[in-house]
Amino acid sequence: MTSPFHIAVVGSGPAGFYAAEALLRSGVPIAVDMFERLPVPHGLVRFGVAPDHPKLKLVSITFDKIAAQPGFRFVGGVGVGEDVGIDELRAAYDGVVLATGADLSRPLGIPGENLPGCYHAGDFVAWYNGRPDSRELPFDLAHEVAVVIGHGNVALDVARILSKTADELRQTDIATHALEMLAESRVREVHVIGRGGPLQAKFGAKELRDFLNLSQCDPWIDPNDIAGVPQTSGDPEQDDRQALFRAFAEQAPAKPRRCIFRFGLAPVSIGGQSCVESISCRQSAKTVEPIQCGAIFSSIGRRTAPLAGVPYDEERGLHANIDGRVVDGERLVRGLYVCGWSKRGPSGTIGTNRACGMATAEAVVADLATGVPPRSDRPDALMMRLRQRGQRLVSYQDWTAIDAAEKRRGQLQGRPREKFVSVPDMIAALEATS
């Protein structure tokens, strides 16, 4: 076999792993190095999937199998754009695939959104899932009413976590600091609001159904908000969603907590002197009575963080690309690719990212077949330089040691794992096993 092509994948979430898998199974001799800023992989699965949805995290077993394939190397603890520049990376590889996700929350663009007590839902998700750069975020849950803005599944996750008791969360892998604060939470009423009507909501039916099983919280909808909505549409998912809305509207709330779903409300301003005290919305061109609240979580979309040396599409909020090939204006940037949310925006499921990663891998393989210019550097030389700069390179075997240590910690508490939530603690756990 001829010397393999070398491809770098930046990001270790689902799209990155699926792109790596497709490259390794392409029939072309390809080696893949996967770069990850943190010592731990799996991206969205570890830091985005709600802790009370453990079945969604089982996909990590698939990632372990991909990582075990010949030609795969995990390079954890190296931030592209921080510890190594994109140009230095491109010089060492025949192609670079960016799978960097969508880490930036979109602003509301209304007065008052910078008041203490107004948060981005994505930051709250990262906080309760133990992402190291989010563990010190100052969430104040000492208020009885919270508002979640958005009608997608991230908004549902936030509302559900706020509505659950500590006992319901205790058997999950939620970060310990989050569990302790949620145990002291005074939130008893959550309003989930959005501009669209019931038919425009993007909630998954399965995720909505979870609200019927909360031990201390009733979901509720004003029957007037769904009056006139047809019971059947020909779309099974839509029909299931509307059936659940009707179930919410028909029950009489009896539990000590409530989660209220509201429609047709467009936020126009957030009120308060030194912190959030209320949110005002417009409904059918009329301003309705403000919702008095002490915390607001905005879930209205996300953007990919720009990366120095990579063209950026400001309008779409992602790396500029055409079908996965990065472009600068109308010019293709040879050898630079993108997949996942940083390719198409934050939409779809983990399964959607599989098809997306595979499509980008096909583009890489097609371009390799046309010939690639000689590289001015080598991957192994790059690894040596990174070590000389003081970088602690974390392998996938190293990650399995961290993973095992987290599971042992969790077992002592009857939980699936207790996550390390700082990079030094991750490295210390690794070194304790070596």
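Just so we're clear, the structure is a prediction, and the values are computed from it rather than from any experiment.

Calculation rules
Per-chain numbering applies: the sequence of each chain, read as written, is numbered from 1 onward. Residue-level local features of this predicted model are given only where pLDDT is at least 70; pairs of side-chain atoms are given and counted only at 80 or more, and the full residue set underlies all totals for whole chains, interfaces and linings. Excluding hydrogens and water, the side-chain figures rest on all heavy atoms present in the structure. What makes a nonpolar core is a set of buried Ala, Val, Leu, Ile, Met, Phe, Trp, Tyr and Cys residues whose side-chain atoms join them at distances within 4.5 Å. Partly exposed describes any residue whose relative accessible area lies between the buried limit of under 20% and the exposed limit of over 50%, with all areas from a 1.4 Å probe on protein chains only and scaled to the type maximum. Helix and strand definitions here come from DSSP, where helices need a minimum of 4 consecutive H or I residues and strands a minimum of 2 consecutive E residues; each element is numbered from the N-terminal end. Contacts are assigned to residue pairs that have any heavy atoms within 4.5 Å of one another. Any two strands are treated as partners once DSSP identifies two or more bridges connecting them. Whenever a helix is involved, its axis is fitted only over the stretch in contact; in every case the axis is a line through C-alpha atoms, and angles between N-to-C directions fall within 0 to 180 degrees.

A. A look at the nonpolar core. The biggest cluster of nonpolar side chains holds 47 residues, and the ones touching the most others in it are Phe124, Tyr128, Val148, Leu162, Phe245, Phe261 and Phe297. The element that contributes the greatest number of residues to this core is helix α6 (residues 153-163), accounting for 6 residues. Excluding residues within four positions of it along the chain, Leu162 makes contact with Phe124, Leu141, Ala146, Val148, Val190, Arg257 and Phe297. Counting residues in each nonpolar core, the second largest holds 43 residues, with Phe72, Phe74, Val97 and Met426 among its members.

B. Representation of unusual backbone geometry within the structure. Of note in the backbone geometry, His42 takes a positive phi value of approximately 95° without being a glycine. Tracing the backbone shows His42 in the loop between β2 (30-36) and α2 (44-47). Of note in this structure, Asp323 is not a glycine but carries a positive phi near 55°. Checked against the element boundaries, Asp323 lands in the loop between β19 (321-322) and β20 (325-328).

C. Up close: the sheet that holds strand β3 (residues 72-76). Here 7 strands make up an open sheet; going across it, the order is β3-β2-β1-β4-β21-β20-β19 and the pairing mixed. Each of the sheet's edge strands pairs with one partner strand only, and the pair in question is β3 and β19. Sheet topology places strand β4 (residues 95-98) next to strand β21 (residues 331-338); 3 bridges connect them, and they run parallel. Residue pairing for β21: Leu98 is matched across the bridge by Val338. Lying on the sheet, helix α13 (residues 379-388) is in contact with β1 (5-10), β2 and β3; it crosses β2 at an angle near 25°.

D. Representation of helix α1 (residues 14-24) in the model. With respect to burial, α1 is a largely interior element, 11 of its 11 residues being buried. Inspection of α1 places Pro14, Ala15, Gly16, Phe17, Tyr18, Ala19, Ala20, Glu21, Ala22, Leu23 and Leu24 among the buried residues, and these make up the whole buried set.

E. Inspection of the sheet that holds strand β15 (residues 295-298) at higher detail. Read across the open sheet, the 6 strands follow the order β6-β15-β7-β8-β10-β9; overall the sheet is parallel. With partners counted over all chains shown, the strands left at the sheet margins are β6 (118-120) and β9 (217-220), one partner each. Each strand of the sheet is rotated relative to its neighbour by a mean of 20°, with strand direction disregarded. As judged from the 5 bridges shared by strand β8 (residues 189-193) and strand β10 (residues 257-262), these two strands associate in the parallel manner. Residue pairing for β10: Glu189 is matched across the bridge by Arg258.

Purely spatial values, then, with no claim about function.
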